[in-house]
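Single-letter residue listing:
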Amino acid sequence: NAGVTQTPKFRVLKTGQSMTLLCAQDMNHEYMYWYRQDPGMGLRLIHYSVGEGTTAKGEVPDGYNVSRLKKQNFLLGLESAAPSQTSVYFCASWEDEQYFGPGTRLTVT
Amino acid sequence: LAKTTQPISMDSYEGQEVNITCSHNNIATNDYITWYQQFPSQGPRFIIQGYKTKVTNEVASLFIPADRKSSTLSLPRVSLSDTAVYYCLVGRMDSSYKLIFGSGTRLLVRP
C-alpha cells in the first residue's frame, strides 16, 4: 500500500513550457486534491475532485487544469508555465482523514 | 467556509505541554475541526479531528468548547521532533470538503 505518490519529485521549466504532474493513490478514495505551497506559506487549494470524471476549482485555479479520468489518478496540468507558478505542489486524497503525497518541487525560470 | 485564526508562532521546551488555540467564529453546524502537522519538505500529516467536547488519541488531545467557536490542540510533553507547523482546518465531511488551509502555527521546541 503506497498511499499517495507524486511524479515527478523535481522539475525545472522555462517560461511558456507545459507539463503535467501526476498524482496516484491506491486507497480507493473518492476525493482528491491539488495544493501549492509557496515558501513560508500555508497550502492553497488549486483544484479538487469528488470522484472519477469530476473536478472543481479551489482557491487559486487560474493557470492550471486538472483531469480525473481514473479514480486512482488526478493530473495537474500547466499549459504555459509562469515564474509565479514556482512552488511545491502537494496532492492529497481523503476519506476520514487526508493523506498527502511527498510533493513536487517546481521551478519556472 | 469557516475562516480560522491561529498564532503565527510559539516556542516551548522539551517535556512541556503545548496548547495551540484556533479561532473559528463562523463555524457551521456540520463543520468538523481537524489539525494537521507539517515538517519541512513534507506534506501535512493528520493529527486529530473532532466535532465537540474532547477527543484524545496517542499523540494529542483536542478540546472544543460548547460554542465550538474555538478549539485547542494539546501536545503533551513535547520533544524536539515536534518542531513543525500546525494547521487548524474546519469543514464539512461531505463532497464540499475542500480543506482550506490557513497560515498555521510554527512551533519551535527548544532543548
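Structure: see above.
Residues numbered from 1 in each chain as written. Chains lettered and ligands numbered in written order. Predicted model: local features only at pLDDT ≥ 70, side-chain atom pairs only at ≥ 80, totals over all residues. Heavy atoms only, no water.

Counting 20 residues, the largest nonpolar core has B:I33, B:W35, B:I47, B:L73, B:L75 and B:Y86 as the members making the most contacts within it. Those elements that place two or more of their residues in this core are β2 (18-23), β3 (31-38), β4 (45-50), β6 (61-64), β7 (70-75), β8 (84-92) and β9 (105-110) of chain B. With four residues, the top contributor of residues to this core is β8(B). If you look at the next biggest cluster of nonpolar residues, it comprises 19 residues, including A:V4, A:Y64, A:V66 and A:A81. (Core = buried A, V, L, I, M, F, W, Y, C linked by side-chain atoms within 4.5 Å. Buried < 20%, exposed > 50% of the residue type's maximum accessible area, 1.4 Å probe, protein only. Helix = DSSP H or I, 4+ residues; strand = E, 2+ residues; numbered from the N terminus.)

Before going further, it helps to examine the interface of chain B and chain A. Taken together, the 20 residues of chain B in the interface contact 22 residues of chain A. Approximately 1,600 Å² of surface area, both sides summed, lies buried where chain B meets chain A, with 56% of it carried by carbon and sulfur atoms. Inspection of the region where chain B meets chain A yields zero salt bridges. For the interface between chain B and chain A, the tally reads three residue pairs in polar contact (both at pLDDT 80 or more). By residue class, the composition of the side of chain B that touches chain A is nine nonpolar, eight polar and three charged. (Contact = heavy atoms within 4.5 Å. Buried area = accessible area lost by both parts, 1.4 Å probe. Salt bridge = Lys/Arg side-chain N within 4 Å of Asp/Glu carboxyl O. Polar contact = N/O pair within 3.5 Å; in protein donor to acceptor, adjacent residues only side chain to side chain. Nonpolar A, V, L, I, M, F, W, Y, C, P; charged D, E, K, R; others polar.)

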